[in-house]
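Okay, here's what each chain looks like letter by letter:
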Amino acid sequence: QQPVQSPQAVILREGEDAVINCSSSKALYSVHWYRQKHGEAPVFLMILLKGGEQKGHEKISASFNEKKQQSSLYLTASQLSYSGTYFCGTEIYRKIIFGKGTRLHILP
Amino acid sequence: SAVISQKPSRDICQRGTSLTIQCQVDSQVTMMFWYRQQPGQSLTLIATANQGSEATYESGFVIDKFPISRPNLTFSTLTVSNMSPEDSSIYLCTVVEMNTEAFFGQGTRLTVV
C-alpha cells in the first residue's frame, strides 16, 4: 500500500519553514525520507525506526507516530539547495514503498 | 554503506527489442531491489531479487516482461523485454540493509523509440 504524502507541492521563500507529511494505512516498521533533484538518484535524509530511533543528517528533523502510522519531515530555515522532490518510503522487511512525492521549490 | 555500479547509464532502444541492465554492489547483500521511475513520477518497485531463488514481483509486473537474474550476492540483472514506448523510464537498482538507508545505483535512463 503506497503511503500518502501531503502536500503535493510547496513553494517557499528562502528562510521559510515547511512540513511534509506521510501517512500509511498499514503498520509501519520504519519510515524513510529522501530528496531527489532532477536527473539524479534519490539522496537519503532520514530513517525513523519503531521505538524512536532516528538516523539521518543533523540539519533534518522528522517525527514518527507509530500509533497513527504517520511521519512528518520538518525543513527549517530553508535554503535554495533544499529544492527538489521529497519522497517518504515505508519499509517492511527491507522492501520500501515510496509515496508520490512532494515537490518543493525555494525562491530566493 | 554500499556502492552500486549500474550500467548502462542510458540507452535508446527500438521497440520490440530487449535491454539488460546490470547492477554490481561492492559488498555482499541479501536482497536487491529494482525500481522504475517514469517521468515526473515516484519510484515504483518492480521486484525483489533474491539470491538462490526466483525474484518476487510486485503487482502489475511479470517475469516474462522483466526477467531478473541474481547469480550471487553482489550482482543482479534486470531485462526489459519486448519494449514499447511506455517502458521509457529510469530504472534503479537498490540495496537496503537492516535499519539503514537505501543505496541507489545512478540509474539507467531508457528511451524506447
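What you are looking at is a predicted structure, and each value in this text was computed from that prediction instead of being measured.

Visitor: Can you break down the overall build of chain B residue by residue, with the values?
Guide: Helix and strand counts for chain B stand at zero helices and eleven strands. Each helix (α) and strand (β) of chain B, taken in turn from the N terminus, gives the series β-β-β-β-β-β-β-β-β-β-β. Rg of the C-alpha trace for chain B: 13 Å, near the compact-globule value of 13 Å for 113 residues, within the 12% margin. In terms of overall dimensions, chain B has a C-alpha envelope of 40 × 25 × 25 Å along the principal axes. Contacts spanning at least 24 positions in sequence make up 52% of the contacts within chain B whose residues lie at least 6 apart. By element, 47% of the accessible surface of chain B is carried by carbon and sulfur atoms, the whole surface being about 5,300 Å². Side-chain charges of chain B comprise 7 positive and 9 negative groups, with the mean position of each set lying 9 Å from the other.

Visitor: Kindly report on the interface of chain A and chain B, identifying the contributing residues and their values.
Guide: As a measure of interface size, the accessible area lost when the parts come together is often cited. At the interface, 23 residues of chain A touch 24 residues of chain B. Of the roughly 1,900 Å² buried between chain A and chain B on both sides combined, carbon and sulfur atoms contribute 57%. If you sort the residues of chain A by the area they bury against chain B, A:Arg94, A:Lys95 and A:Phe98 come out on top, with a joint share of 34%. There are two salt bridges connecting chain A and chain B. Among the salt bridges present, the one from B:Glu97 reaches A:Arg94, with a minimum N-O distance of 3.6 Å. The tally of links from chain A across to chain B stands at six residue pairs in polar contact (both at pLDDT 80 or more). It is strand E10 (residues 95–98) of chain A that provides the largest number of residues to the side of chain A that touches chain B, a total of four residues.

Visitor: Can you lay out the state of the cysteines for me, pointing to particular residues and giving the numbers?
Guide: What the rule picks out here adds up to two disulfides over all chains. At a sulfur-sulfur separation of 2.0 Å, the disulfide partner of A:Cys22 is A:Cys88. Note on the A:Cys22 and A:Cys88 pair: the S-S dihedral is about 70°, so by sign convention the disulfide is right-handed. With A:Cys22 in strand E3 (residues 18–23) and A:Cys88 in strand E9 (residues 84–92), the pair connects residues that are 66 residues apart, well separated along the chain. A:Cys22 gets classed as buried once you look at its relative accessible area, which sits at 3%. With its sulfur 1.8 Å from that of its partner, B:Cys23 forms a disulfide with B:Cys93.

Visitor: If you had to explain the environment of B:Arg70 to someone new, which residues and values would you point to?
Guide: Residues and elements named next belong to chain B. Locating Arg 70 in the fold gives a position in strand E7 (residues 68–72). Counting along the chain gives 28 residues from Arg 70 to Ser 42, while the straight-line C-alpha distance between them is 25 Å. Not counting residues within four places of it along the chain, the set of residues in contact with Arg 70 comprises Val 29, Thr 30, Met 31, Met 32, Ala 49, Asn 50, Gln 51, Gly 52, Phe 75 and Ser 76. Here the side chain of Arg 70 touches Leu 73 through a polar contact of 3.2 Å, landing on its backbone oxygen. In terms of polar contacts, Arg 70 uses its side chain to reach the backbone carbonyl oxygen of Phe 75, at 3.4 Å.

Visitor: So what's going on with the sheet that holds strand E1 (residues 4–7) of chain B? Which residues, and what values?
Guide: All names here are of chain B. Spatially, the four strands line up as an open sheet ordered E1-E3-E8-E7, and their pairing is antiparallel. Pairing within the sheet leaves two strands with one partner each, and these edge strands are E1 and E7. Pairwise comparison of adjacent strand axes, ignoring direction, gives a mean angle of 15° for this sheet. Bridge count for strand E3 (residues 19–25) against strand E8 (residues 75–80) is six bridges, and the pairing is antiparallel. Across the sheet, Leu 19 pairs through a bridge with Val 80, a residue of E8.

Visitor: Mind laying out the pattern of salt bridges, listing which residues take part and the relevant values?
Guide: Per the counting criterion, the structure on display carries three salt bridges over all chains. The salt bridge involving A:Lys95 is made with B:Glu58; its shortest N-O contact spans 3.2 Å. Here the residue A:Lys95 occupies a position in strand E10, and B:Glu58 occupies one in the loop between strand E6 (56–57) and E7, the pair thus bridging two chains.

Cut-offs and rules
Residues numbered from 1 in each chain as written. Chains lettered and ligands numbered in written order. Predicted model: local features only at pLDDT ≥ 70, side-chain atom pairs only at ≥ 80, totals over all residues. Heavy atoms only, no water. Helix = DSSP H or I, 4+ residues; strand = E, 2+ residues; numbered from the N terminus. Rg over C-alpha atoms; globule rule 2.2 N^0.38 Å. Contact = heavy atoms within 4.5 Å. Areas by Shrake-Rupley, 256 points an atom, 1.4 Å probe, with all protein chains shown as cover. Lys, Arg positive; Asp, Glu negative; His and termini not counted. Charge placed at Lys NZ, Arg CZ, Asp CG, Glu CD. Buried area = accessible area lost by both parts, 1.4 Å probe. Salt bridge = Lys/Arg side-chain N within 4 Å of Asp/Glu carboxyl O. Polar contact = N/O pair within 3.5 Å; in protein donor to acceptor, adjacent residues only side chain to side chain. Disulfide = S-S within 2.5 Å. Buried < 20%, exposed > 50% of the residue type's maximum accessible area, 1.4 Å probe, protein only. Pairing = 2+ DSSP bridges. Axes fitted to C-alpha atoms, helices over the stretch in contact; angles between N-to-C directions.

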